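Examining the three-dimensional arrangement
Each chain, letter by letter, is given below.
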Amino acid sequence: MSHINLLGIAGSLRAGSFSSAILETLKDELSVGAELSLHSLGDVPLYNQDLDTDEPLPAVRALRDAISQADGLVIVTPEFNYGMPGVLKNALDWASRPYGIAPLMGKPVVTISASPAFTGGVRAQAQLNETLLATQSQLSGGAQVVIGEVHNKIADGRLIDRPSLDFALGAISGLIDRIEAQDQRKAA
Ligand SMILES: Cc1cc2nc3c(=O)[nH]c(=O)nc-3n(C[C@H](O)[C@H](O)[C@H](O)COP(=O)(O)O)c2cc1C
């Protein structure tokens, strides 16, 4: 089996973020042959097309490089006012450029939402998925991973609800299968 490098992005900057806790747990639980590195959006500036030049700001370059170098992305978003948080949309806007050669183009992605509400951020995830469609990334279809009442499912910075964790791991396993199938096609 080839080694798969996944990049985890949380749509929250909060120190005690449940979204980040989910990513940390997935990182711990990934099977041999795959690893997940987390990339914080804390330093990413607000998108400004005037600053979107051939010499991007360091935090933009770091974000774009991290996405480019990853075999696939795992994005975990909370819901803010029925949508994805601005920090996440902002980062995706940066990663959607340069037009035609953007790091998100063709990138396999799995999305997960989580919120204290029983709706689990499903509206944020729908919005996130629509944005990813615009970026021409390759979104995993099928069952959506939506973690409701997340505040009752996190302890000591980890997702402790086994069914939610297994469901999320299943989605990542599907992502890894897709990446491996693509690699095999490229090698053929
Ligand atoms: C400004 C704001 C708006 C929010 N709006 C919603 C919402 O529309 N739906 C929802 O389910 N949760 C909403 N929440 C709750 C967040 O989803 C919740 O605080 C979540 O845990 C934040 O993510 P984090 O734990 O990764 O930081 C909102 C929270 C904030 C701060």
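What this report covers is the structure whose coordinates are included nearby. What you see is a predicted model, and the numbers here were worked out from it, not measured in a lab. (Residues numbered from 1 in each chain as written. Predicted model: local features only at pLDDT ≥ 70, side-chain atom pairs only at ≥ 80, totals over all residues.)

Turning next to the overall build of the chain. In terms of helices and strands, the chain carries five helices and eight strands. A compact globule built from 188 residues would reach a C-alpha radius of gyration of about 16 Å, and the chain, at 16 Å, matches this within 12%. Judged by the C-alpha coordinates and their principal axes, the chain covers about 45 × 45 × 25 Å. In the chain, which comprises 188 residues, the share counted as buried stands at 39%. Across the chain, every contact between residues at least 6 apart in sequence was considered, and the portion connecting residues at least 24 apart equals 76%. (Helix = DSSP H or I, 4+ residues; strand = E, 2+ residues; numbered from the N terminus. Rg over C-alpha atoms; globule rule 2.2 N^0.38 Å. Buried ≥ 20, exposed ≤ 12 C-beta atoms within 10 Å, placed from the backbone. Contact = placed C-beta atoms within 7 Å.)

Attention now goes to the pairing of strand β3 (residues 72-77). Of all the six residues making up β3, six are buried; the element is thus mostly covered by neighbouring parts of the structure. Residues of β3 alternate between two faces, with Gly72, Val74 and Val76 on one and Leu73, Ile75 and Thr77 on the opposite face, all of them buried. Taken together, the five bridges between strand β1 (residues 4-10) and β3 define a ladder with parallel strand orientation. Paired with Gly8 across the bridge in β3 is Val74. In this sheet, strand β4 (residues 108-114) lies alongside β3 in parallel orientation, the contact comprising five bridges. Paired with Val76 across the strands is Ile112, a residue of β4. Between the parallel pair β3 and β4, the chain is carried across by helix α3 (residues 86-95), and the sense of this crossover is right-handed. (Pairing = 2+ DSSP bridges. Right-handed = clockwise from strand over helix to strand, strands pointing away.)

Moving on, we come to the nonpolar core. Counting 48 residues, the largest nonpolar core has Ile22, Leu73 and Val74 as the members making the most contacts within it. The greatest single-element share of this core, amounting to six residues, is contributed by α3. Sequence-distant contacts of Leu73, that is, excluding residues within four places in its chain, are made with Leu6, Leu7, Ile9, Ile67, Lys107 and Val109. (Core = buried A, V, L, I, M, F, W, Y, C linked by C-beta atoms within 7 Å.)

Okay, helix α5 (residues 162-187) next. An α-helical segment advances 3.6 residues per turn. Residues three or four places apart therefore align on the same side. Here α5 is 26 residues long and its end C-alpha atoms lie 37 Å apart, about the 38 Å a rise of 1.5 Å per residue gives. Those residues of α5 not exposed but buried are Ser164, Ala168, Ile172, Leu175, Ile176 and Ile179. (Expected span 1.5 Å × (residues − 1).)

What follows is about the site of the ligand. Near the ligand lie 15 residues; those nearest to it are Ser12, Ser19, Pro78, Ser115 and Ala117. Residue composition of the shell around the ligand, by class: six nonpolar, seven polar and two charged. (Near = placed C-beta within 6 Å. Nonpolar A, V, L, I, M, F, W, Y, C, P; charged D, E, K, R; others polar.)

This part covers the pairing of strand β2 (residues 34-38). Relative to β2, β1 is paired through five bridges, and the arrangement is parallel. Among the inter-strand pairings, Gly8 is bridged to a residue of β2, identified as Leu38.

Moving on, we come to the packing of helix α1 (residues 18-29) against α5. For the pair α1 and α5, interaxial distance at closest approach is 11 Å and the crossing angle is 70°. Accordingly, the angle class assigned to the pair α1 and α5 is roughly perpendicular. In this structure, α1 crosses over α5, and the sense of that crossing is right-handed. Between α1 and α5, the residues in contact are Ile22, Thr25, Leu26 and Glu29 and Leu165, Ala168, Leu169 and Ile172, respectively. (Axes fitted to C-alpha atoms, helices over the stretch in contact; angles between N-to-C directions. Parallel < 35°, antiparallel > 145°, perpendicular 65-115°, else oblique. Left-handed = near helix turned anticlockwise from the far one by under 90°.)

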